[in-house]
Amino acid sequence: MHRTFSALLFVSCLMVSIAAKTEVTLLEPDRVFDGSELHEDWVVLVSDESILFAGPKGQAPKIAVDKTLLLGDQTLLPGLIEGHSHVLLHPYNETPWNDQVLKESEAERVMRAVNHVRDSLFAGVTTMRDLGSEGAGYADVAVRDAIDQGLVPGPRLIVSGRAIVATGSYGPKGFHEDVSFPLGAETADGFDDLVRVVRSQIGRNIDFVKVYADYRWGPKGTAAATFSVEELKTIVDTARSSGRGVAAHAATAEAMRRAIVAGVETIEHGDGATPEVLRLMKKNDVALCPTLAAGDAISQYGGWNKGVDPEPARISQKRESFQAALKSGVSICFGGDVGVYPHGDNVRELEMMVDYGMDAQDALHSATAGNADIFHLSESIGSVEAGLLADLLSVRGNPLENISALRDVTLVMKEGVLFVEP
């Protein structure tokens, strides 16, 4: 009711001042997915950076229209919100992660990132949460700010800077003890050190904090929890005091449990979730970002011939864990760990979500209004609704019938600006 009233008030105010606006665009698709439901015979009016009207054609306000875009046999939907990316990484079959961190200059990595954000935008991603610069300092903050200033085209970025790891847990590894080398994240341990590092990262204007609640530092390289519950709470409390949330990389059940109890907002990966952990996630309103496409890509880089060879145990286990998460009712965040595989191929994660058992409408909700809710952005983006920013995507066909229709992009609009035109 509050959102409906706000939308009506927005339309009323905008109608009063419409004469001063530069341009009104009318979009007429065959169908509109508004972030939750599919509608036919809807139109959308855009004025400057915002949606003026979205609803049945016969109810549209009678105003002068500067441009009409006829989107026949197309579905108009909110711009996609990618929930787990690394704009400063490129596919590991091109260059291994270690070599990207150790051998590529920050300048090279930023130049690559400029291409990466453009490719994701042109694929329909208008907002993207980035989960760590992986050894490139705060270059993600600089890329975000360059996009905001209009210097380069790209999605609206939500960035975490360097990310936080426990001493001894993260890579690169395998060097002599006297050799100094850069790490892919920032180390911190114990109350005082963690408070200092979180505050330091906040001071560099990150949008949220990322912590590695576990990593591959157990016996024989197995994944094991890194920080104690108390340490994780210190991170969460310090971040919250500045109005920021925390995302936790966690693949093991114990690391997930500790992070959930500590108060993180999202669990990244979550491969080892047990029924007990999933119940705890739902109780605490913690979302799961499963990153299905990353494991799929890495397995193929390792030699798996998908569709021909038997499915590797890692892939089968991931499928089962995702299905268990769906059954549990936890909130699912669309985010594939893009950067492990090519930027611009973001839809790969949605295709796998549907292939692994998620309803296509639920998957689209996850990639739009769902992620907007999880990232506290629903008052400005994520839905085709009057008063929200005009972040819009149009594709040929109906992605609720075939999720891969999202690959056939005809229009991308971010804040009312067309980056891909029909």
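Cut-off values and rules
- Residues numbered from 1 in each chain as written.
- Predicted model: local features only at pLDDT ≥ 70, side-chain atom pairs only at ≥ 80, totals over all residues.
- Heavy atoms only, no water.
- Core = buried A, V, L, I, M, F, W, Y, C linked by side-chain atoms within 4.5 Å.
- Buried < 20%, exposed > 50% of the residue type's maximum accessible area, 1.4 Å probe, protein only.
- Contact = heavy atoms within 4.5 Å.
- Axes fitted to C-alpha atoms, helices over the stretch in contact; angles between N-to-C directions.
- Helix = DSSP H or I, 4+ residues; strand = E, 2+ residues; numbered from the N terminus.
- Left-handed = near helix turned anticlockwise from the far one by under 90°.
- Lys, Arg positive; Asp, Glu negative; His and termini not counted.
- Salt bridge = Lys/Arg side-chain N within 4 Å of Asp/Glu carboxyl O.
- Phe/Tyr/Trp six-rings, centres within 6.5 Å; stacked < 30°, edge-to-face > 60°.
- Patch = residues over 30% accessible without salt bridge, like charges linked within 9 Å, V, L, I, M, F, W, Y side chains within 5 Å.
- Areas by Shrake-Rupley, 256 points an atom, 1.4 Å probe, with all protein chains shown as cover.
- pLDDT = per-residue confidence, 0-100.
- Parallel < 35°, antiparallel > 145°, perpendicular 65-115°, else oblique.
- Nonpolar A, V, L, I, M, F, W, Y, C, P; charged D, E, K, R; others polar.
- Bend = angle between axes of the 7 residues up to and from the residue.
- Polar contact = N/O pair within 3.5 Å; in protein donor to acceptor, adjacent residues only side chain to side chain.
- Pairing = 2+ DSSP bridges.

## Quick notes on the nonpolar core
Stage number 1. Ile-267, Met-281, Leu-350 and Leu-406 are the most contacted members of the largest nonpolar core, which totals 81 residues.
Stage number 2. Those residues in contact with Leu-350 that sit more than four places away from it in its chain are Leu-80, Phe-334, Ala-363, Ala-367, Ile-403 and Leu-406.
Stage number 3. The next biggest cluster of nonpolar side chains, apart from the first, holds 16 residues, and it includes Leu-27, Val-44, Leu-71 and Met-413.

## A short note on the packing of helix α11 (residues 347–355) against helix α12 (residues 360–374)
Stage number 1. Relative to each other, α11 and α12 sit at 145 degrees, their axes nearing to 9 Å. Where α11 crosses over α12, the handedness of that crossing is right-handed. Contact with α11, carried on its side by Leu-350, Met-353 and Val-354, involves Ala-360, Ala-363, Ser-366 and Ala-367 of α12 and no other residues of that element.

## Remarks on the side chain of His-84
Stage number 1. Within the fold, His-84 resides in strand β6 (residues 80–85).
Stage number 2. Here His-84 falls in the buried class, since its relative accessible area comes to 0%.
Stage number 3. Beyond its immediate sequence surroundings of up to four residues, His-84 is in contact with Arg-129, Leu-131, Glu-268, His-269, Cys-289, Thr-291, Phe-334, Gly-335, Gly-336, Asp-337 and Val-338.

## Points about the side chain of Arg-244
Stage number 1. Looking at the secondary structure, you find Arg-244 in the loop between α6 (229–240) and β14 (246–250).
Stage number 2. There is no salt bridge for the buried Arg-244, and the closest opposite charge comes from Asp-207, which lies 6.0 Å off by N-O distance.
Stage number 3. What Arg-244 contacts, discounting residues up to four positions off in sequence, is Ile-202, Asn-205, Ile-206, Asp-207, Phe-208 and Ala-239.

## Some thoughts on the packing of aromatic side chains
Stage number 1. With the rule as written, the count across this model stands at six aromatic pairs.
Stage number 2. Pairing Tyr-170 with Tyr-212 gives two aromatic rings, centres 4.6 Å apart and planes at 45 degrees, and the pair type is tilted. Taken as a pair, Tyr-170 in the loop between β9 (164–165) and β10 (186–187) and Tyr-212 in strand β11 (residues 209–212) lie far apart in primary sequence, 42 residues in all. With respect to burial, Tyr-170 and Tyr-212 carry one shared label: buried.
Stage number 3. Relative to Tyr-215, the ring of Tyr-170 lies with its centre 4.6 Å away and its plane at 65 degrees, an arrangement referred to as edge-to-face. Taken as a pair, Tyr-170 in the loop between β9 and β10 and Tyr-215 in strand β12 (residues 214–215) lie far apart in primary sequence, 45 residues in all.

## Considerations on the pattern of salt bridges
Stage number 1. In the structure shown here, the tally under the stated rule is 25 salt bridges.
Stage number 2. Among the salt bridges present, the one from Glu-254 reaches Arg-258, with a minimum N-O distance of 2.8 Å. One end of the pair is Glu-254 and the other is Arg-258, both in helix α7 (residues 253–262) and four residues apart, which spans about a single turn.
Stage number 3. Glu-254 sits in the partly exposed class, given a relative accessible area of 32%.
Stage number 4. One salt bridge connects Asp-296 with Arg-348, and the closest N-O pair in it is separated by 2.9 Å. Residue Asp-296 is found in helix α9 (residues 292–301), and its partner Arg-348 is found in helix α11; the two are separated by 52 residues along the sequence. Each member of the pair, Asp-296 as well as Arg-348, carries the same accessibility label: buried.
Stage number 5. Residues joined in a network through salt bridges with shared partners are Asp-296, Lys-306, Asp-345, Arg-348, Glu-351 and Arg-407.

## A few points about a nonpolar patch on the surface
Stage number 1. The grouping of Leu-102, Phe-175 and Val-179 at the surface amounts to a nonpolar patch, some 220 Å² of accessible area in total.
Stage number 2. If you trace the backbone, Phe-175 turns up in the loop between β9 and β10.
Stage number 3. Relative accessible area serves as the criterion here: at 38%, Phe-175 is assigned to the partly exposed category.

## A look at the confidence of the model for the protein
Stage number 1. Looking at the protein as a whole, the pLDDT averages 95, with 95% of positions reaching at least 70.
Stage number 2. Confidence drops under pLDDT 50 across residues 7–19; counting only partners more than four residues distant or on other chains, this segment forms 16 contacts.

## Topic: the packing of α6 against α7
Stage number 1. Between α6 and α7, the shortest axis-to-axis distance is 8 Å and the interhelical angle comes to 45 degrees. Judged by the angle between their axes, α6 and α7 are oblique. When the axes of α6 and α7 are compared, the crossing they make is right-handed. Residues Val-229, Leu-232, Lys-233 and Val-236 of α6 lie in contact with α7, whose contacting residues are Arg-257, Arg-258, Ala-259, Val-261 and Ala-262.
Stage number 2. The class makeup of the residues in the contact of α6 with α7 is six nonpolar, no polar and three charged.

## With respect to α12
Stage number 1. Considering bend angle alone, the principal kink of α12 is centred on Ser-366 and spans about 50 degrees.
Stage number 2. Judged by how many residues are buried, α12 sits mostly within the fold: eleven of 15 residues are covered.
Stage number 3. Ala-360, Ala-363, Leu-364, Ser-366, Ala-367, Thr-368, Ala-369, Gly-370, Asn-371, Ala-372 and Ile-374 are the residues of α12 that are buried.
Stage number 4. Buried residues along α12 sit against β1 (24–33), β5 (67–78), β6, β15 (266–269), β16 (287–289) and α11.
Stage number 5. The distance from a side-chain oxygen at the start of α12 to the backbone nitrogen of Gln-361 is 3.0 Å, and the residue carrying that oxygen is Asp-359.
Stage number 6. At the exit of α12 stands His-376, carrying a positive phi of roughly 60 degrees.

## Brief notes about the sheet that holds strand β8 (residues 156–159)
Where strands meet in a sheet, backbone hydrogen bonds hold them as pairs that are either parallel or antiparallel.
Stage number 1. Ordered by their spatial adjacency, three strands build an open sheet running β6-β7-β8, and the pairing between neighbours is parallel. Edge positions in the sheet fall to β6 and β8, since each has one partner strand and no second. Neighbouring strand axes in the sheet, compared pairwise and without regard to direction, differ in orientation by 15 degrees on average.
Stage number 2. Direction of pairing for strand β7 (residues 125–130) relative to β8: parallel, over a ladder of four bridges. Opposite Thr-127, over in β8, you have Arg-156 as the bridge partner.
Stage number 3. In this fold helix α3 (residues 106–122) packs onto β7 and β8, with an angle of close to 135 degrees to the strand it touches most, β7.
Stage number 4. Those strands touched by helix α4 (residues 139–148) are β7 and β8, and its axis lies near 155 degrees from that of β8.

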